[in-house]
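These are the residues of each chain, in order.
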Amino acid sequence: MSEMVPNPPINAVTHPEKTTGPWFDAWRSFSKNKVALVGAIIVLFFIFLAICGPLFTPQGINDQLLKDRLLPPSSKYWFGTDDFGRDIFSRVIHGARISLGVGFFSVIGSVVVGSILGIIAGYYGKWVDMIISRTFDILLAFPSILLAIAVVSVLGPSLRNALIAIAIINIPNFGRLIRSKVLSIKEEEYITSAKAIGMKDIRILFSHILPNSMAPVIVAGTLAIASAIIEAAALGFLGLGAQAPAPEWGKMLADARVVLRNAPWTMFFPGISIMLTVLGFNLMGDGLRDALDPRMKN
């Protein structure tokens, strides 16, 4: 007689392992990257300064005390004062709101416009793709900073026009990225099935193709914010961006040139703020690329 095998206890019933989504897996991979976490902490710190920092600044950004002009860092003026007696610490803190605002909103604008053009070019192809792609090629033929200077020169020097110029020069980058992604996705079987059941193009584009194309856009957008901050600072330094007395970091660097030898702190603190912010976005962007791109995983 065959040996009876006892039934497994109820508690021993195994359950299938819970599956996790790709975004959760990306976050888990990102959280293990210490360098990327350092970049995220730097970015969050400057975002906090941009939002809440002005509430804690000891002086107004345009308060001029000529008797205190060009004072070195001290307990009263943590970052010293400029040639008008204004508190550099207060101006650097307020400048974070301007520089980050230009970086975020210019990239959002270029992502929206570039994604729409890239989706249309990649999905419909033919003469539509040719016109949009050649337009991208023309814009990419110019050095980005020279194209930004040309746009601001036409529109007029101001912070708003600098934001528009930075958005325009980044549109081709996102457009070509989305276009290449759409060219591969539209050949997938689920897209063919959606067309076969009569789903409209607009629904296919925004329900299937766009969500599956966002991972590389997120990475590119994070890195583009760093570039946008540098470009905004460059335009401000040239007098084509934020105008006086706005405490934009690039404009502060330009104003500090005349007193650099006698008061190097007037240039040091805005410069180090630009460097740290750009470094944070670059480190975070590299971490996101490793987490979201399966080809970068071991």
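The structure we're discussing is the one just above.
Residues numbered from 1 in each chain as written. Predicted model: local features only at pLDDT ≥ 70, side-chain atom pairs only at ≥ 80, totals over all residues. Heavy atoms only, no water.

Engineer: Got a minute to help me understand the overall build of the protein chain in this structure?
Structural biologist: Secondary structure summary: the protein chain contains eleven helices and zero strands in total. Its helices and strands taken in sequence order, the protein chain reads α-α-α-α-α-α-α-α-α-α-α from the N to the C terminus. What you see for the protein chain is a C-alpha radius of gyration of 25 Å, clearly larger than the 19 Å of a compact globule of 298 residues, by over 25%. If one aligns the C-alpha atoms of the protein chain with their principal axes, the spans along those axes are about 105 × 60 × 30 Å. Relative to its full complement of 298 residues, the protein chain shows a buried share of 43%. (Helix = DSSP H or I, 4+ residues; strand = E, 2+ residues; numbered from the N terminus. Rg over C-alpha atoms; globule rule 2.2 N^0.38 Å. Buried < 20%, exposed > 50% of the residue type's maximum accessible area, 1.4 Å probe, protein only.)

Engineer: What is the right way to look at the packing of aromatic side chains in this model?
Structural biologist: Geometry of an aromatic ring pair is reported as the spacing of the ring centres plus the angle between the planes. For the coordinates displayed, the defined rule picks out eight aromatic pairs. Members of the aromatic cluster, connected to one another through ring pairs, are W78, F79, F89, F268 and F269. Over the ring of F237 we find R257; its NZ or CZ atom is 4.9 Å from the centre of that ring. (Phe/Tyr/Trp six-rings, centres within 6.5 Å; stacked < 30°, edge-to-face > 60°. Lys NZ or Arg CZ within 6 Å of the ring centre and 35° of its normal.)

Engineer: Is there a simple way to think about the pattern of salt bridges in this case?
Structural biologist: For side chains bearing opposite charge, pairing can occur when the charged atoms are close. All chains considered together, the criterion is met by seven salt bridges. Among the ionic pairs, K76 bridges to D68, the shortest N-O distance being 3.8 Å. Between D137 and R134 there is a salt bridge; the shortest N-O distance is 2.9 Å. Pair noted here: D137 and R134 are both in helix α4 (residues 126-140), with a separation of three residues, about one helical turn. For D137, a relative accessible area of 31% puts it in the partly exposed group. (Salt bridge = Lys/Arg side-chain N within 4 Å of Asp/Glu carboxyl O.)

Engineer: I'm lost on empty space enclosed by the protein in this one. Help?
Structural biologist: Unoccupied space between atoms shows up once a probe the size of one water molecule is rolled over them. Throughout the structure, instances matching the rule amount to one cavity of 30 Å³ or more. Approximately 100 Å³ is the volume attributed to the largest cavity. Those elements that provide at least two residues to the lining of the largest cavity are α3 (88-124) and α10 (249-256). By residue number, the principal contributor to the lining of the largest cavity is α10, which donates three residues. Of the residues in the lining of the largest cavity, the class split is four nonpolar, one polar and five charged. (1 Å grid on protein atoms, 1.4 Å probe; cavity = no way out; pocket = protein on both sides within 12 Å on 5 of 7 lines; lining within 4 Å. Points joined across faces, edges and corners; volume = space filled by probe spheres on them. Nonpolar A, V, L, I, M, F, W, Y, C, P; charged D, E, K, R; others polar.)

Engineer: When you look at the packing of α10 against helix α11 (residues 265-292) in this model, what are you seeing that I'm missing?
Structural biologist: A pair of packed helices can be characterised by two numbers: the angle between their axes and the separation between those axes. Where α10 contacts α11, the two axes come as close as 9 Å, and the packing angle between them is 150°. Here α11 runs roughly antiparallel to α10, going by the angle between their axes. Between α10 and α11 the crossing geometry is left-handed. Contacts between α10 and α11 involve W249, G250, M252, L253 and A256 from the first element and T266, M267, P270, G271, S273, I274 and T277 from the second. (Axes fitted to C-alpha atoms, helices over the stretch in contact; angles between N-to-C directions. Parallel < 35°, antiparallel > 145°, perpendicular 65-115°, else oblique. Left-handed = near helix turned anticlockwise from the far one by under 90°. Contact = heavy atoms within 4.5 Å.)

Engineer: Could you clarify how one ought to interpret the nonpolar core in this entry?
Structural biologist: For soluble globular proteins, nonpolar side chains are generally found buried alongside one another. Membership of the largest hydrophobic core comes to 63 residues, with the highest contact counts inside it found for I209 and F281. At eleven residues, the largest contribution of residues to this core is made by α3. If near-sequence neighbours (up to four positions away) are discounted, F281 is found in contact with V43, L100, F104, T222, L223, I225, A226 and I229. (Core = buried A, V, L, I, M, F, W, Y, C linked by side-chain atoms within 4.5 Å.)

Engineer: Is there a simple way to think about a nonpolar patch on the surface in this case?
Structural biologist: On the surface, F105, I108, V112, V113 and I116 cluster together to form a nonpolar patch covering roughly 450 Å² of accessible area. As for its placement among the helices and strands, I108 is situated in helix α3. The class for I108 is partly exposed, based on a relative accessible area of 45%. (Patch = residues over 30% accessible without salt bridge, like charges linked within 9 Å, V, L, I, M, F, W, Y side chains within 5 Å. Areas by Shrake-Rupley, 256 points an atom, 1.4 Å probe, with all protein chains shown as cover.)

Engineer: I'm lost on α10 in this one. Help?
Structural biologist: One turn of the α-helix equals 3.6 residues, which is why residues spaced by three or four share an orientation. The element α10 is extensively covered by neighbouring structure, given that seven of its eight residues are classed as buried. Residues of α10 that are buried include every one of W249, G250, K251, M252, L253, A254 and A256, and no others. In this structure, the buried residues of α10 make contact with α2 (34-52), α3, α9 (214-237) and α11. Put simply, E248 is the residue that caps the front of α10, since its side-chain oxygen is 3.0 Å from the backbone nitrogen of G250. (Polar contact = N/O pair within 3.5 Å; in protein donor to acceptor, adjacent residues only side chain to side chain.)

Engineer: When you look at unusual backbone geometry in this model, what are you seeing that I'm missing?
Structural biologist: For residues that are not glycine, phi is negative in most cases, and the peptide bond is trans in most cases. Its identity as a non-glycine residue notwithstanding, L70 has a phi of 55°, on the positive side. As for its position among the elements, L70 is in the loop between α2 and α3.

Engineer: How do you make sense of the side chain of D83 when you look at a structure like this?
Structural biologist: Checked against the element boundaries, D83 lands in the loop between α2 and α3. Although D83 lies buried, it forms no salt bridge, and the closest oppositely charged side chain, R86, sits 4.9 Å away as judged by the N-O distance. Apart from the residues within four sequence positions on either side, D83 is in contact with R69, L70, V258 and V259. (Lys, Arg positive; Asp, Glu negative; His and termini not counted.)

Engineer: It is not clear to me how the environment of L205 should be interpreted in this structure. Could you clarify?
Structural biologist: Mapped onto the elements, L205 comes out in helix α8 (residues 201-209). A relative accessible area of 5% means that L205 is categorised as buried. In sequence terms L205 and S106 are 99 residues apart; their C-alpha atoms lie 24 Å from each other.

Engineer: How do you make sense of the packing of α3 against helix α6 (residues 159-185) when you look at a structure like this?
Structural biologist: The N-to-C vectors of α3 and α6 enclose an angle of 35°; their axes lie 5 Å apart at closest approach. The chirality of how α3 crosses α6 is right-handed. Grouping the constituent residues of the contact of α3 with α6 by class yields 19 nonpolar, nine polar and one charged.

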